[in-house]
Amino acid sequence: TEDSTMAFGKRELFPHPMAQFLKVSKKLIRASQIDVEALVRERLAYKAAVVQENAFLNGSGAMQPLGVFTASADGITTSQDVSTGNATNAFTADGLINCKMNLPAQYRRNCNWIFHRDAVLMLMKLKDGDGQYIWRPGLLESEPDVLLSVPVRESE
């Protein structure tokens, strides 16, 4: 008999072009000792990255990506939220441990925290029961800071 429980849906993806402008004077191009082309490439990449990051994290899904932080039946539902012991304006070490351990082990290996800088400030002040900070700064510039052995990324 035909198995209808594994039906596949169809989703259409539409590209949404993004344009960025960067003003460069002719005098800078003519007289500069620096690599102007590399500078322009760097600035355009930065501007595009900021727009994409905002869309990937906060997008509504209507003519833009569905953001990670946007609850939707088409994406990550609120049934997967873990906030035990945490509030929007305060974190607890226990709440963060609950959040981390609620993630299946196969995902925990490569996960990262992502927080706004205001949240990072609050998290840096959290201490365990022995009065030790649970935040560990990265020892090298190329290493991220860690919270409960998980790398922390910062986003505006």
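Note that the structure is predicted; figures quoted are calculated from it, not measured.

1. Quick word on the overall build of the protein
From N to C terminus, the protein includes five helices and four strands. Scanning the protein from its N terminus toward the C terminus, one meets helices and strands in the order α-α-α-α-β-α-β-β-β. The C-alpha radius of gyration computed for the protein amounts to 21 Å, which surpasses the reference 15 Å derived for 156 residues by more than 25%, pointing to a less compact arrangement than a globule. Principal-axis analysis of the C-alpha atoms places the extent of the protein at approximately 60 × 60 × 25 Å. By sequence separation, contacts in the protein at least 24 residues apart represent 44% of the contacts at least 6 residues apart. Working note: accessible area of the protein is about 12,700 Å², and carbon and sulfur atoms make up 55% of it. Computing the positive centroid from 17 side-chain charges and the negative centroid from 18, the protein places the two 10 Å apart.

2. Here's the deal with the state of the cysteines
The tally for this structure, following the rule as stated, stands at zero disulfides. With no disulfide partner, Cys111 has as its closest neighbouring cysteine sulfur the one in Cys99, 8.9 Å distant.

3. Examining the pattern of salt bridges
Following the criterion strictly, the structure yields two salt bridges and no others. Close ionic contact of Arg41 with Glu37 constitutes a salt bridge, the shortest N to O distance being 3.1 Å. A residue pair is termed a helical-turn pair when its members lie 3 or 4 positions apart in one helix, as Arg41 and Glu37 do in helix α2 (residues 36-58) at four residues. Linking Glu156 and Arg117 is a salt bridge whose minimum nitrogen-to-oxygen distance equals 2.8 Å. In this pair, Glu156 is assigned in the segment after β4 (150-154) and Arg117 in helix α5 (residues 117-124), connecting sequence segments 39 residues apart. You can call Glu156 exposed: its relative accessible area is 62%.

Conventions and cut-offs
- Residues numbered from 1 in each chain as written.
- Predicted model: local features only at pLDDT ≥ 70, side-chain atom pairs only at ≥ 80, totals over all residues.
- Heavy atoms only, no water.
- Helix = DSSP H or I, 4+ residues; strand = E, 2+ residues; numbered from the N terminus.
- Rg over C-alpha atoms; globule rule 2.2 N^0.38 Å.
- Contact = heavy atoms within 4.5 Å.
- Areas by Shrake-Rupley, 256 points an atom, 1.4 Å probe, with all protein chains shown as cover.
- Lys, Arg positive; Asp, Glu negative; His and termini not counted.
- Charge placed at Lys NZ, Arg CZ, Asp CG, Glu CD.
- Disulfide = S-S within 2.5 Å.
- Salt bridge = Lys/Arg side-chain N within 4 Å of Asp/Glu carboxyl O.
- Buried < 20%, exposed > 50% of the residue type's maximum accessible area, 1.4 Å probe, protein only.

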